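Architecture and fold: a report
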Amino acid sequence: MTFTIAVAGKGGTGKTTISALLVRALIAKGQRPVLAVDADPNANFNEALGVTILESLGGMREEAFTRSIPPGMSRTDYIRYRFRQVLVEADGFDLIAMGRPEGTGCYCFSNDLLQSCMRLLERDYRFIIIDSEAGMEHISRGTIGIPDALLIISDPGARGLRTAKRIRDIALSLGLKRDAMYLVYNRYRGEVAPVDAGQVVPFAVIPFDPAVEAADLAATPVSTISGHSPAREAVNGLALKLIDLAENKQKRSAFL
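First things first, this report covers the structure right here in the doc. (Residues numbered from 1 in each chain as written. Predicted model: local features only at pLDDT ≥ 70, side-chain atom pairs only at ≥ 80, totals over all residues. Heavy atoms only, no water.)

1. Observations regarding the side chain of Lys-249
- Counting through the fold element by element, Lys-249 comes out in helix 9 (residues 230-254).
- Owing to a relative accessible area of 17%, Lys-249 belongs among the buried residues under this scheme.
- A distance of 2.7 Å separates a polar side-chain atom of Lys-249 from the backbone oxygen of Thr-2.
- Not counting the four nearest positions on each side in its chain, Lys-249 is found in contact with Met-1, Thr-2, Phe-3 and Asp-148. (Helix = DSSP H or I, 4+ residues; strand = E, 2+ residues; numbered from the N terminus. Buried < 20%, exposed > 50% of the residue type's maximum accessible area, 1.4 Å probe, protein only. Polar contact = N/O pair within 3.5 Å; in protein donor to acceptor, adjacent residues only side chain to side chain. Contact = heavy atoms within 4.5 Å.)

2. Re the nonpolar core
- If you look at the biggest cluster of nonpolar residues, it comprises 42 residues, and the most contacted ones within it are Ile-5, Leu-22, Val-23, Ile-129 and Leu-151.
- The contact partners of Leu-22, leaving out residues within four places of it in the chain, are Ile-129, Leu-151, Val-235, Leu-238, Ala-239 and Leu-242.
- Ranked by size, the runner-up nonpolar core spans 30 residues in total, among them Leu-35, Leu-87, Ile-128 and Ala-193. (Core = buried A, V, L, I, M, F, W, Y, C linked by side-chain atoms within 4.5 Å.)

3. Some words on helix 9
- The first and last C-alpha atoms of helix 9 sit 37 Å apart over 25 residues, in line with the 36 Å expected at 1.5 Å per residue.
- Three or more residues of helix 9 are buried, namely Ala-231, Arg-232, Ala-234, Val-235, Leu-238, Ala-239, Leu-242, Ile-243, Ala-246 and Lys-249.
- Of the surrounding elements, those touching the buried residues of helix 9 are strand 1 (3-9), helix 1 (15-28), strand 5 (127-132), strand 6 (149-154), strand 8 (204-207) and helix 8 (210-217). (Expected span 1.5 Å × (residues − 1).)

4. Let's talk about the sheet that holds strand 7 (residues 181-188)
- Ordered in space as 3-4-2-5-1-6-7-8, the 8 strands form an open sheet in which the pairing is mixed. The open sheet has two edge strands with one neighbour each: strand 3 (88-89) and strand 8.
- Strand direction decides the pairing type here: strand 2 (residues 34-39) and strand 5, joined by 6 bridges, are parallel. Residue pairing for strand 5: Val-34 is matched across the bridge by Phe-127.
- This element, helix 1, spans strand 1, strand 2, strand 4 (93-97), strand 5, strand 6, strand 7 and strand 8 of the sheet and lies at about 170 degrees to strand 5. (Pairing = 2+ DSSP bridges. Axes fitted to C-alpha atoms, helices over the stretch in contact; angles between N-to-C directions.)

Structural data, given as C-alpha coordinates:
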(Lines give C-alpha, C1' and ligand atoms only; values in the text may rest on other atoms or scores of the structure.)
Protein backbone atom coordinates (compact mmCIF):
# COMPACT_ATOMS: atom_id res chain seq x y z
CA MET A 1 0.00 0.00 0.00
CA THR A 2 1.40 3.37 -1.03
CA PHE A 3 2.10 6.02 1.62
CA THR A 4 2.22 9.58 0.31
CA ILE A 5 4.25 12.28 2.05
CA ALA A 6 4.05 15.94 1.04
CA VAL A 7 6.83 18.24 2.25
CA ALA A 8 5.81 21.89 2.65
CA GLY A 9 7.06 25.06 4.31
CA LYS A 10 8.41 28.54 3.72
CA GLY A 11 10.90 28.97 0.91
CA GLY A 12 14.48 28.45 2.06
CA THR A 13 13.70 26.27 5.07
CA GLY A 14 15.30 23.18 3.54
CA LYS A 15 12.29 21.29 2.13
CA THR A 16 14.26 19.89 -0.79
CA THR A 17 17.22 18.89 1.39
CA ILE A 18 15.00 16.96 3.79
CA SER A 19 13.02 15.44 0.90
CA ALA A 20 16.21 14.15 -0.75
CA LEU A 21 17.66 12.78 2.48
CA LEU A 22 14.32 11.14 3.23
CA VAL A 23 14.26 9.39 -0.15
CA ARG A 24 17.73 7.98 0.51
CA ALA A 25 16.84 6.98 4.08
CA LEU A 26 13.74 5.08 2.99
CA ILE A 27 15.67 3.25 0.28
CA ALA A 28 18.41 2.33 2.77
CA LYS A 29 15.75 0.81 5.02
CA GLY A 30 14.42 -1.38 2.21
CA GLN A 31 11.36 0.73 1.43
CA ARG A 32 11.77 0.65 -2.31
CA PRO A 33 10.75 1.71 -4.82
CA VAL A 34 10.18 5.35 -3.90
CA LEU A 35 8.63 7.92 -6.23
CA ALA A 36 10.12 11.40 -5.82
CA VAL A 37 7.86 14.17 -7.14
CA ASP A 38 9.25 17.66 -7.69
CA ALA A 39 6.13 19.83 -7.42
CA ASP A 40 8.07 23.11 -7.38
CA PRO A 41 8.17 25.02 -10.71
CA ASN A 42 11.74 25.96 -9.79
CA ALA A 43 12.78 22.33 -9.97
CA ASN A 44 15.91 21.31 -8.06
CA PHE A 45 14.87 18.06 -6.35
CA ASN A 46 16.84 16.21 -9.01
CA GLU A 47 20.02 18.12 -8.13
CA ALA A 48 19.66 17.18 -4.46
CA LEU A 49 19.26 13.54 -5.50
CA GLY A 50 22.01 13.60 -8.12
CA VAL A 51 19.96 12.77 -11.23
CA THR A 52 19.26 14.62 -14.47
CA ILE A 53 15.84 15.69 -15.72
CA LEU A 54 15.37 15.86 -19.47
CA GLU A 55 11.68 16.72 -19.50
CA SER A 56 9.00 17.94 -17.08
CA LEU A 57 5.27 17.34 -16.97
CA GLY A 58 4.73 20.99 -17.82
CA GLY A 59 6.41 20.53 -21.18
CA MET A 60 4.56 17.27 -21.74
CA ARG A 61 1.20 18.92 -21.13
CA GLU A 62 2.05 21.61 -23.64
CA GLU A 63 3.17 19.07 -26.20
CA ALA A 64 0.01 16.96 -25.82
CA PHE A 65 -2.09 19.86 -27.06
CA THR A 66 0.15 20.92 -29.93
CA ARG A 67 1.51 17.84 -31.67
CA SER A 68 -0.27 15.13 -33.60
CA ILE A 69 -1.36 12.11 -31.59
CA PRO A 70 -0.30 8.74 -33.12
CA PRO A 71 -3.09 7.05 -35.11
CA GLY A 72 -5.33 4.81 -33.03
CA MET A 73 -4.35 6.47 -29.74
CA SER A 74 -6.61 8.85 -27.84
CA ARG A 75 -5.20 12.02 -26.33
CA THR A 76 -5.81 10.57 -22.86
CA ASP A 77 -3.90 7.38 -23.71
CA TYR A 78 -1.13 9.41 -25.29
CA ILE A 79 -0.66 11.57 -22.19
CA ARG A 80 -0.58 8.48 -19.99
CA TYR A 81 2.03 6.95 -22.27
CA ARG A 82 4.15 10.11 -22.26
CA PHE A 83 3.72 10.42 -18.50
CA ARG A 84 5.62 7.15 -18.10
CA GLN A 85 8.34 8.39 -20.44
CA VAL A 86 8.94 11.54 -18.37
CA LEU A 87 9.88 9.40 -15.34
CA VAL A 88 13.59 9.44 -14.48
CA GLU A 89 14.62 6.00 -13.28
CA ALA A 90 17.37 5.70 -10.66
CA ASP A 91 18.63 3.18 -8.12
CA GLY A 92 15.74 2.51 -5.76
CA PHE A 93 13.63 5.47 -6.82
CA ASP A 94 12.04 7.22 -9.77
CA LEU A 95 11.74 10.98 -10.13
CA ILE A 96 9.19 13.10 -11.92
CA ALA A 97 9.21 16.90 -12.17
CA MET A 98 5.83 18.56 -12.51
CA GLY A 99 7.27 21.84 -13.81
CA ARG A 100 5.04 24.56 -15.23
CA PRO A 101 3.16 24.61 -18.53
CA GLU A 102 4.51 27.02 -21.09
CA GLY A 103 2.32 29.34 -23.12
CA THR A 104 -1.19 30.48 -22.34
CA GLY A 105 -4.61 28.90 -22.12
CA CYS A 106 -6.52 26.63 -19.78
CA TYR A 107 -4.84 23.45 -18.58
CA CYS A 108 -7.78 22.10 -16.56
CA PHE A 109 -8.22 19.12 -18.88
CA SER A 110 -4.57 18.11 -18.81
CA ASN A 111 -4.40 18.63 -15.02
CA ASP A 112 -7.32 16.22 -14.65
CA LEU A 113 -5.42 13.68 -16.72
CA LEU A 114 -2.30 14.16 -14.63
CA GLN A 115 -4.27 13.49 -11.47
CA SER A 116 -5.49 10.24 -13.01
CA CYS A 117 -1.95 9.32 -13.99
CA MET A 118 -0.69 9.99 -10.47
CA ARG A 119 -3.31 7.60 -9.16
CA LEU A 120 -2.12 4.99 -11.64
CA LEU A 121 1.54 5.50 -10.75
CA GLU A 122 1.07 5.33 -7.00
CA ARG A 123 0.19 1.65 -7.23
CA ASP A 124 3.81 0.94 -8.16
CA TYR A 125 5.53 2.57 -5.17
CA ARG A 126 5.87 1.97 -1.45
CA PHE A 127 6.38 5.65 -0.70
CA ILE A 128 5.79 8.85 -2.66
CA ILE A 129 7.74 11.92 -1.50
CA ILE A 130 6.40 15.22 -2.87
CA ASP A 131 8.72 18.21 -2.60
CA SER A 132 6.14 21.00 -2.75
CA GLU A 133 6.57 24.62 -3.69
CA ALA A 134 6.26 27.18 -0.90
CA GLY A 135 2.66 27.33 0.30
CA MET A 136 -0.21 24.94 -0.33
CA GLU A 137 -1.11 25.55 -3.98
CA HIS A 138 -0.71 21.97 -5.20
CA ILE A 139 -2.82 20.60 -2.38
CA SER A 140 -5.51 23.28 -2.77
CA ARG A 141 -5.73 22.54 -6.51
CA GLY A 142 -5.92 18.82 -5.83
CA THR A 143 -3.08 18.10 -8.25
CA ILE A 144 -1.27 15.84 -5.79
CA GLY A 145 -4.35 14.64 -3.94
CA ILE A 146 -4.56 14.39 -0.15
CA PRO A 147 -1.27 13.11 1.31
CA ASP A 148 -1.14 10.54 4.10
CA ALA A 149 1.33 12.79 5.90
CA LEU A 150 2.12 16.48 5.52
CA LEU A 151 5.58 17.38 6.80
CA ILE A 152 5.69 21.11 7.53
CA ILE A 153 9.33 22.19 7.55
CA SER A 154 10.44 25.21 9.52
CA ASP A 155 13.73 26.67 10.62
CA PRO A 156 13.77 27.95 14.22
CA GLY A 157 13.21 31.56 13.07
CA ALA A 158 10.04 33.57 13.59
CA ARG A 159 9.08 33.82 9.90
CA GLY A 160 9.46 30.10 9.33
CA LEU A 161 7.39 29.23 12.40
CA ARG A 162 4.63 31.68 11.54
CA THR A 163 4.51 30.32 8.00
CA ALA A 164 4.32 26.78 9.39
CA LYS A 165 1.28 27.77 11.45
CA ARG A 166 -0.40 29.36 8.41
CA ILE A 167 0.25 26.26 6.32
CA ARG A 168 -1.24 24.10 9.05
CA ASP A 169 -4.34 26.31 9.24
CA ILE A 170 -4.74 26.27 5.44
CA ALA A 171 -4.32 22.49 5.36
CA LEU A 172 -7.03 22.07 7.98
CA SER A 173 -9.38 24.25 5.94
CA LEU A 174 -8.69 22.06 2.89
CA GLY A 175 -9.74 18.92 4.72
CA LEU A 176 -6.42 17.47 5.84
CA LYS A 177 -6.66 15.74 9.19
CA ARG A 178 -4.96 17.38 12.14
CA ASP A 179 -3.18 14.17 13.10
CA ALA A 180 -1.74 13.82 9.57
CA MET A 181 0.30 17.04 9.84
CA TYR A 182 3.75 16.98 11.37
CA LEU A 183 6.03 19.89 12.23
CA VAL A 184 9.73 19.35 11.53
CA TYR A 185 12.42 21.73 12.75
CA ASN A 186 15.36 22.08 10.38
CA ARG A 187 18.78 23.67 10.94
CA TYR A 188 18.15 23.52 14.68
CA ARG A 189 20.91 25.04 16.86
CA GLY A 190 19.25 24.72 20.25
CA GLU A 191 16.97 27.76 20.26
CA VAL A 192 13.55 28.53 18.79
CA ALA A 193 12.01 31.97 18.25
CA PRO A 194 9.35 32.81 20.89
CA VAL A 195 6.38 32.84 18.52
CA ASP A 196 3.18 30.80 18.35
CA ALA A 197 3.69 27.89 15.96
CA GLY A 198 0.32 26.41 16.82
CA GLN A 199 1.46 24.77 20.06
CA VAL A 200 2.60 21.73 18.11
CA VAL A 201 5.34 19.45 19.42
CA PRO A 202 7.86 18.87 16.60
CA PHE A 203 7.68 15.44 15.02
CA ALA A 204 11.39 15.55 14.25
CA VAL A 205 14.32 17.91 14.82
CA ILE A 206 17.02 18.11 12.15
CA PRO A 207 20.13 19.83 13.54
CA PHE A 208 22.27 22.34 11.68
CA ASP A 209 24.83 20.31 9.76
CA PRO A 210 27.95 21.83 8.16
CA ALA A 211 28.04 18.88 5.74
CA VAL A 212 24.79 20.06 4.15
CA GLU A 213 26.17 23.56 3.63
CA ALA A 214 29.44 22.15 2.30
CA ALA A 215 27.59 20.01 -0.25
CA ASP A 216 25.70 23.06 -1.48
CA LEU A 217 28.90 25.12 -1.80
CA ALA A 218 30.59 22.26 -3.65
CA ALA A 219 27.57 21.81 -5.96
CA THR A 220 27.31 18.13 -5.01
CA PRO A 221 24.06 16.24 -4.26
CA VAL A 222 23.09 16.70 -0.63
CA SER A 223 21.89 13.10 -0.58
CA THR A 224 25.52 11.93 -0.87
CA ILE A 225 26.69 13.39 2.45
CA SER A 226 28.00 10.96 5.03
CA GLY A 227 25.50 8.62 6.60
CA HIS A 228 26.92 9.58 9.99
CA SER A 229 26.38 13.31 9.59
CA PRO A 230 23.96 14.88 12.14
CA ALA A 231 21.32 15.76 9.53
CA ARG A 232 21.50 12.35 7.88
CA GLU A 233 21.10 10.53 11.18
CA ALA A 234 18.17 12.72 12.21
CA VAL A 235 16.40 12.10 8.89
CA ASN A 236 17.00 8.38 9.33
CA GLY A 237 15.05 8.66 12.58
CA LEU A 238 12.32 10.58 10.76
CA ALA A 239 12.15 7.83 8.14
CA LEU A 240 11.60 5.20 10.85
CA LYS A 241 8.66 7.19 12.22
CA LEU A 242 7.14 7.48 8.75
CA ILE A 243 7.60 3.78 8.08
CA ASP A 244 5.74 3.11 11.32
CA LEU A 245 2.90 5.40 10.19
CA ALA A 246 2.74 3.57 6.85
CA GLU A 247 2.59 0.18 8.56
CA ASN A 248 -0.20 1.38 10.83
CA LYS A 249 -2.13 2.58 7.78
CA GLN A 250 -1.78 -0.86 6.22
CA LYS A 251 -2.96 -2.57 9.41
CA ARG A 252 -6.03 -0.31 9.61
CA SER A 253 -6.87 -1.04 5.98
CA ALA A 254 -6.68 -4.77 6.65
CA PHE A 255 -9.59 -4.46 9.10
CA LEU A 256 -11.81 -2.51 6.71
